[in-house]
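# Examining the three-dimensional arrangement
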Amino acid sequence: MSSPAVSSRDLPHPALDEIRLEGVLHALSDPMRLRIVRELAGAPGDLSCSHFDLPVTKSTTTHHFRVLRESGVIRQVYRGTAKMNGLRRDELDELFPGLMGALLAAAARQAARLDD
């Protein structure tokens, strides 16, 4: 079986067996990255990088997306000129049952508490 051609625009993602709990927790320990993940979790589909209005520079935003992708938390693909982002929720739930649900619920509670 031949593998599909790899475009120079394809982004590297860890395979399921390469995703580590400590990498996921590190990626989610940053408030901006957690904010990105919360938005992705609530979205009906993938979101472009430009969808996110983060209070940081473009290069810092790019760094945050790279950390999330390289840890296995999100999948990024190009669609035309847009880089689309999706949460790897099913895969993360398979590896770490209940983790994402608990983290997202805790983040929502924290956000509500801080908004009061």
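Our structure's up above, just so we're on the same page.
Everything numeric in this text was worked out from a predicted model, so none of it was measured.

## Things to note about the packing of aromatic side chains
In the structure shown here, the tally under the stated rule is one aromatic pair. With 5.4 Å between their ring centres and 65 degrees between their planes, Phe52 and Phe65 make a pair best called edge-to-face. Pair noted here: Phe52 is in the loop between β1 (47-48) and α3 (58-71) and Phe65 is in helix α3, with a separation of 13 residues, a long-range link. The buried category is assigned to Phe52, whose relative accessible area is 7%.

## Considerations on the environment of Lys83
The topology assignment puts Lys83 in strand β3 (residues 82-87). The exposure class of Lys83 is partly exposed, given its relative accessible area of 21%. Along the backbone, Lys83 and Ser48 are 35 residues apart, and their C-alpha atoms lie at a distance of 5.6 Å.

## Structural notes on the pattern of salt bridges
Under the defined criterion, the tally for this structure stands at five salt bridges. For Arg66, the salt bridge is made with Glu70, and the minimal N-O distance between the two is 3.6 Å. One end of the pair, Arg66, and the other, Glu70, are both in helix α3, four residues apart, so they sit about a helical turn from each other. Owing to a relative accessible area of 37%, Arg66 belongs among the partly exposed residues under this scheme.

## Considerations on the environment of Asn85
With respect to the helices and strands, Asn85 occurs in strand β3. Residue Asn85 is classed as buried on the basis of its relative accessible area, which comes to 0%. As a C-alpha pair, Asn85 and Asp46 span 39 residues in sequence and 5.2 Å in three-dimensional space. Non-local contacts of Asn85, meaning those with residues more than four positions away in its chain, are made with Leu40, Asp46, Leu47, Ser48, Cys49, Phe52, Phe65, Ile74, Arg75 and Gln76. Among the polar contacts listed, one links the side chain of Asn85 to the side chain of Gln76, at a separation of 2.7 Å.

So, how was this worked out
- Along each chain, residues carry numbers from 1 onward, in the same order as the chain's sequence is written.
- In view of the model being predicted, local features appear only for residues whose pLDDT reaches at least 70, and side-chain atom pairs are presented and counted only at 80 or more, with totals across whole chains, interfaces and linings using the full set of residues.
- As a rule here, side-chain values cover all heavy atoms of the structure and leave hydrogens and water aside.
- Pairing of aromatic side chains requires ring centres within 6.5 Å, counting the rings of Phe and Tyr and the six-membered ring of Trp. Pairs whose planes differ by under 30 degrees are stacked, by over 60 edge-to-face, and all others tilted.
- Helix and strand definitions follow DSSP, with helices as H or I runs of at least four residues and strands as E runs of at least two, each counted in order from the N terminus.
- Buried, partly exposed and exposed residues are distinguished by accessible area as a fraction of the type maximum, computed with a 1.4 Å probe on protein chains only: under 20%, between the cut-offs, and over 50%, respectively.
- Throughout this description, the term salt bridge denotes a Lys or Arg side-chain nitrogen within 4 Å of a carboxyl oxygen of Asp or Glu.
- Throughout, a contact is declared for two residues whenever any of their heavy atoms are within 4.5 Å.
- Polar contacts here mean pairs of N or O atoms no more than 3.5 Å apart (in protein, one a potential hydrogen donor and the other a potential acceptor; neighbouring residues in sequence count only if both atoms are side-chain atoms).

On their own, these measurements won't tell you what the molecule is for.
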